[in-house]
Amino acid sequence: MFEALGDRLAAALKKITGRGVLRPEDLDAGLREVRLALLEADVNFKVVKEFIEKVRGRLAGAEISPGLTAPQTVVRAVHDELVELLGGNAEGLRYSPHPPTVVMLAGLQGSGKTTTAVKLALLARRDGHRPLVAALDFRRPAAVEQLKTLAEREKIAFGRGEEALAETSRLNCDVVILDTAGRLHVDADLMQELRELKSRVRVTETLLVADSMTGQEAVKVGEAFTKEVGLDGVILTKLDGDARGGAALSLRLATGQRIRFAGTGEKPEDLEVFHAERMASRILGMGDVLTLIEKAERSVDKEQAAEVERHLRAGHLSFDDFLAQIRQLRGMGSLEGMLDMVPGGGALKGQLAGADTEKEMRRMEAIILSMTPRERAHPELIDGARKRRIARGSGVQPADINRLLKAREAMQKLARQFGMAGRKGKRVGFPRLYGQGGAGW
């Protein structure tokens, strides 16, 4: 969502040419471009004005730190103010010391409350808790059944209405997510319903689910719910969309509410704690390696990855290893999304422009699955006749088989070089996607 804004800010900051001294004219020109970039991203004009003045205040008369250039000094100031603008958040769910923790989701129809309820329950389960989702949206047709279906698919406890709270002890659940009714627009009846619900139920947190694609409308909705119901934060959905980012950058100052979580895709696991500092780094093209590591830790089978690493170190990469790596990579989300988290990944994204990386990975998977177990273990057996059979089985051309074979050979050659270096006593480390217990490439 922040891609266009990130590009504009990068271009603006490059115009600051001073090296040892930050000249006033450089600062004025750079901040003018930053201001335009923010306005084009649909950030509220009052928020933009306050942001620019704060950055200027940080830099006015400031000395360039040793080891930094003038542009780097400005980038640091812009980064720090972006963190403040986004709310400085790094907080997940607040769990009650007296269970159950009750989280009430509020928002308009179409903002994604029902799917977010399940995503939030999965996040609570990753934190070691036992969640239950409760359907309270009896106005929208099929809303209750939708939540029930999603909960059953993810093996999450499900209940209907406020009565579900009485079931928590029997079901051994300590977190309850309330999926409340919404409206097409803010109205007095909706606010009254939510206020009455909060008066009857001991709610730990009230979180607004806001659709980032609605831009400044999300800010107006946030203001209304803050005033009428009272909020403890915002869950911003559809950050994987092509909105201009203005809602996210405006919400904090306009509503006083921090963005606590971000929906980053359609999969049930695509909900992240919204780390303001990491998002600011991502916007400025500095990457977000910590989030990438956390994604890998959730998605990667560590035992399988360790086995692949052993094969790599032995200098033999089978197609079963290749297939395992493809599936683990796909489980982490889109390649473009991961490149956003890698410092300098924007340049690589440009090289992938127009390429359907998901389709290519599916094609490679189909080719490998069309091989016999013996062929996957011993790719050197694959001759012309076998290539033609594999091509027919996977719906590709023999040339595609050749490309995949060459890719495996190149990877194996690299693995053997690493293996030889290791035997000579040099420390060899394959690039790790996560911390302890495994490797990825």
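Quick look at the structure, then. (Residues numbered from 1 in each chain as written. Predicted model: local features only at pLDDT ≥ 70, side-chain atom pairs only at ≥ 80, totals over all residues. Heavy atoms only, no water.)

Quick look at the overall build of the protein chain now. The number of helices and strands found in the protein chain is 20 helices and eight strands. Across the 441 residues of the protein chain, 47% fall into the buried class. Excluding contacts between residues fewer than 6 apart, the proportion of contacts in the protein chain whose partners are at least 24 apart in sequence is 74%. Summed over all atoms, the accessible surface of the protein chain reaches about 21500 Å², with 51% contributed by carbon and sulfur. (Helix = DSSP H or I, 4+ residues; strand = E, 2+ residues; numbered from the N terminus. Buried < 20%, exposed > 50% of the residue type's maximum accessible area, 1.4 Å probe, protein only. Contact = heavy atoms within 4.5 Å. Areas by Shrake-Rupley, 256 points an atom, 1.4 Å probe, with all protein chains shown as cover.)

We now examine the nonpolar core. Counting residues in hydrophobic clusters, the biggest one holds 65 residues, and the most contacted among them are Phe51, Leu82, Leu178 and Phe225. Setting aside chain neighbours within four positions, we find phenylalanine 51 in contact with Val34, Leu38, Val78, Glu81, Leu82 and Leu85. Among the nonpolar cores identified, the runner-up in size contains 25 residues, and Val103, Val118, Leu150 and Phe261 belong to it. (Core = buried A, V, L, I, M, F, W, Y, C linked by side-chain atoms within 4.5 Å.)

Now for the pattern of salt bridges. Two side chains bearing opposite charge may form a pair once their charged atoms approach each other closely. With the rule as written, the count across this model stands at 20 salt bridges. In this structure, the salt-bridge partner of glutamate 81 is arginine 58, at a minimum N-O distance of 2.6 Å. Pair noted here: glutamate 81 is in helix 4 (residues 70-85) and arginine 58 is in helix 3 (residues 45-59), with a separation of 23 residues, a long-range link. For glutamate 81, a relative accessible area of 8% gives the class buried. Since its relative accessible area comes to 38%, arginine 58 is described here as partly exposed. For arginine 195, the salt bridge goes to glutamate 228, with nearest N and O atoms at 3.1 Å. Residue arginine 195 is located in helix 8 (residues 188-200), and its partner glutamate 228 is located in helix 9 (residues 216-228); the two are separated by 33 residues in the primary sequence. (Salt bridge = Lys/Arg side-chain N within 4 Å of Asp/Glu carboxyl O.)

Further remarks concern the pairing of strand 6 (residues 233-237). Of all five residues making up strand 6, five are buried, and the element is well covered by its neighbours. Burial of the side chains of strand 6 extends over both faces: Gly233, Ile235 and Thr237 are buried on one face and Val234 and Leu236 on the other. Where strand 5 (residues 205-211) lies against strand 6, five bridges are found, and the strand directions are parallel. Each residue of the ladder has a partner; that of aspartate 211, found in strand 6, is threonine 237. As a crossover connection, the stretch from strand 5 through helix 9 into strand 6 is right-handed. Pairing analysis gives three bridges linking strand 6 to strand 7 (residues 259-263), with the strands arranged parallel. Pairing of leucine 236 across the sheet is with alanine 262, part of strand 7. (Pairing = 2+ DSSP bridges. Right-handed = clockwise from strand over helix to strand, strands pointing away.)

Nothing here speaks to function; it is geometry throughout.
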